[in-house]
Amino acid sequence: MAPIITFWSALGGVALLLIWLGRRLSSRRRFAGLPRVGIDPGFLGLRMQAAKDEFFHHGQQLLEQGYAKYKDTPYVIQTCDNERLVIPDKFIEELKNLPDTQISFKEELLDRFMGKYTKLDAVRGTTIHRDIVRFQLTKSLGNLLPQMKEEAQLALDNALGGCNSKEFTPIKASSMVFAAIGQITSRRVIDDPQVSRDAVWLKTIMGFTASLATFCITMRTISPTLRPIARFTIPSGRKLRSDIAQVTTFLAPLIRKRQQQQQNLNSAAGDQKQKEDPPQDFVQWLAEAAQGGGRDAEPEAIVIKILFLIVAAMHSSAVTAIHAVYDLCAHPETMRDLREEARAVLGAHGWTHAALLRLHRMESFLKESGRANSAGIVSFQRLVLSPIRLSNGFVIPAGTHICAASDARSRDPAPYEAPLEFRPLRFYHPPSGEAAGGGGEVDAANLFSSVANGDSWFGVGRQACPGRWYASAQIKLVLCLLLTEYEFKFPDGQTARPKNWVKDEKTGPDMEQMIWVRRLRG
Ligand code: HEM
């Protein structure tokens, strides 16, 4: 018996080796003839760890080298997740509007965020989570603004409760901003303050992105063969499952109740139908979008889509606002300018979404803050699902991960004069009819939420961020509340903003920075 087992084990081993060699060979052939930046892991992958380590510590510099050297040629780079093809600007134009059946942001994300182990692959094969953001959420911004303001104000009052108008109080800027953005987002997930303001609920959803990131980083260090088991045994896997269970416990009964109400409404005869407006939140919109039944309608599938939206919405918006707060503290004259604009525009038009769209100086400042503080060192991350021929004749094979070196581009003097200078009005074009106090017509092309070619903050093309109008509104709202009700600055002696950290392809603001806050006298 033993020799038979040994024989089959050996055969299995050889088969696995052949599969692995086949994969390596096809991966090498895929990019044959293309230049490479950084350490080449080699055919057998013997230098894989060295290549990953190099990218982890020096990815930003590697991409800068690639950006400077290869303006017209895609080049290959080994990142900590996978091998990528970096696409120069001139080809982004050709690719950005291809359908997501050909290049997909979502598939790339699910691949990197291990969709099958994190359950996030509930967003596969459906676009309802994207559609409700693009349509229902964005169209309701005018109606939702008073409620967004109520949540932001409440969160800021809590976070800054100890501040008075006599002396400055030290506050951790990131906690203050996270509290405000977290609470606005929470109410949009579920328009029921009993849940949306619950301390356990808030802690869980605000920590979910970190739980997910820690799980994925740990899983990446484990061999793919062992991952199906490891996900149950590693502590970050337990934490992730417990977060998902917690959110499900809060939301599943409410989802069922809303679905039941929807059924009653559908079956009620004409004028007996309830006249009440349905709640305007993710739970309601997702339940309505899945009315046809099927997998999308299962409460667990709705919960996972909500978690996907939380990951997309919360951290990114908070980080953007934290950068903005640091840039304001580093540029007190800009802070004065934007405070004046906010007072004039909101005084004339009230705290409305229409008024927020008239904060032209703030729009430019946010765009500049986004340019100076990249969201990540790459953007336009896509998985190629079917082969694409570029205008130079090169065919990008299916299965290729592509990206753009957006961070390097943000320091390119060709598109941005004096790119190392922070110029808050770089993107400001006085709109026609601007009155002395600010305002004037809404200038769509120069809004922070616009995605002109080259701006990478919200991505680009057909799959650019659908939540950008909402994100922009909530960030401006939080900044306006801070500017009109508080004075804030770096601690005495600090004039420059803290340096951003960069690890792997991620970058972000220093989360420990304290600021001094004082209430403005009424
Ligand atoms: C400042 C805050 C935000 C930033 C910087 C940001 C950035 C991005 C980026 C770069 C993408 C990929 C686009 C591309 O590669 O072309 C994306 C996708 C997405 N974002 Fe945002 N986002 C923000 C806020 C939000 C908010 C508030 C929501 C929802 C309320 C949201 C929902 C989404 C969704 C659903 C996708 C996936 C779209 C798809 O599957 O095609 N984002 N976001």
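Conventions adopted
- Residues numbered from 1 in each chain as written.
- Predicted model: local features only at pLDDT ≥ 70, side-chain atom pairs only at ≥ 80, totals over all residues.
- Heavy atoms only, no water.
- UniProt positions renumbered as here; feature names shortened; annotations may be inferred.
- Helix = DSSP H or I, 4+ residues; strand = E, 2+ residues; numbered from the N terminus.
- Near = heavy atom within 4 Å.
- Polar contact = N/O pair within 3.5 Å; in protein donor to acceptor, adjacent residues only side chain to side chain.
- Nonpolar A, V, L, I, M, F, W, Y, C, P; charged D, E, K, R; others polar.
- Pairing = 2+ DSSP bridges.
- Contact = heavy atoms within 4.5 Å.
- Axes fitted to C-alpha atoms, helices over the stretch in contact; angles between N-to-C directions.
- Parallel < 35°, antiparallel > 145°, perpendicular 65-115°, else oblique.
- Left-handed = near helix turned anticlockwise from the far one by under 90°.
- 1 Å grid on protein atoms, 1.4 Å probe; cavity = no way out; pocket = protein on both sides within 12 Å on 5 of 7 lines; lining within 4 Å.
- Points joined across faces, edges and corners; volume = space filled by probe spheres on them.

**Q** Honestly, the UniProt feature "binding site: heme" (unreviewed entry) in the protein in this entry has me stumped. Any pointers?
**A** The feature "binding site: heme" (unreviewed entry), as annotated in UniProt, sits at Cys465 in this numbering. Inspection of the secondary structure assignment puts cysteine 465 in the loop between helix H18 (406-409) and helix H19 (468-485).

**Q** Could you clarify how one ought to interpret the site of the ligand in this entry?
**A** Taken together, the neighbourhood of the ligand is formed by 24 residues, with Arg130, Thr320, Arg382, Val460 and Cys465 sitting nearest. With respect to the ligand, the side chain of arginine 382 contributes an N or O atom lying 2.7 Å from an oxygen atom. In terms of residue count, helix H14 (residues 299-330) provides more of the shell around the ligand than any other element does, six residues in total. Residue composition of the shell around the ligand, by class: 16 nonpolar, six polar and two charged.

**Q** Is there a simple way to think about the sheet that holds strand E1 (residues 36-37) in this case?
**A** Across a sheet, strands are paired by hydrogen bonds formed along the backbone, either parallel or antiparallel in direction. An order of E1-E2-E3-E9-E6-E4 is seen for the six strands of this open sheet, with the pairing classed as mixed. For this open sheet the edge positions go to E1 and strand E4 (103-104), each flanked by a neighbour on one side alone. Note that E1 and strand E2 (residues 75-78) share two bridges and pair parallel. Across the sheet, the residue bridging to valine 37 is isoleucine 77, located in E2. Of the strands in this sheet, strand E3 (83-86), E4, strand E6 (379-384) and strand E9 (401-404) are in contact with helix H4 (residues 105-112), which crosses E6 at around 90 degrees.

**Q** Is there a simple way to explain the UniProt feature "transmembrane region" (unreviewed entry) in the protein in this structure?
**A** Mapped onto this structure's residue numbering, the UniProt feature "transmembrane region" (unreviewed entry) falls at residues 6-22. The straight-line gap between the two end C-alpha atoms of residues 6-22 is 24 Å; of that span, 100% is helix and 0% is strand.

**Q** Teacher, can you tell me more about the packing of helix H17 (residues 360-372) against H19 here?
**A** To characterise two packed helices, one gives the angle between the axes of the helices and the distance between these axes. With their axes 11 Å apart at the nearest point, H17 and H19 run at an angle of 110 degrees to one another. Our classification of the angle between H17 and H19 gives roughly perpendicular. In the packing of H17 onto H19, the handedness of the crossing is right-handed. Residues Met362, Glu363, Phe365 and Leu366 of H17 touch H19, and the partners they reach there are Ser472, Ile475, Lys476, Leu479, Cys480 and Leu483. When its residues are assigned to classes, the contact of H17 with H19 shows seven nonpolar, one polar and two charged.

**Q** Help me out: how do you make sense of empty space enclosed by the protein in this one?
**A** Tallying each qualifying case throughout the model produces four cavities of 30 Å³ or more. Taken as a whole, the largest cavity spans an internal volume of roughly 180 Å³. In terms of lining residues, the largest cavity is bounded by 16 residues, among which Gly370, Arg371, Asp455, Ser456 and Trp457 are the most central. The element contributing the most residues to the lining of the largest cavity is H17, with three residues. For the lining of the largest cavity, the per-class residue count stands at six nonpolar, seven polar and three charged. Empty space within the second largest cavity amounts to approximately 60 Å³. Surrounding the second largest cavity, His360, Glu363, Ser364, Phe427, Tyr428, His429, Pro431, Asp443, Asn446 and Leu447 form its lining. A per-class count over the lining of the second largest cavity returns four nonpolar, four polar and two charged.

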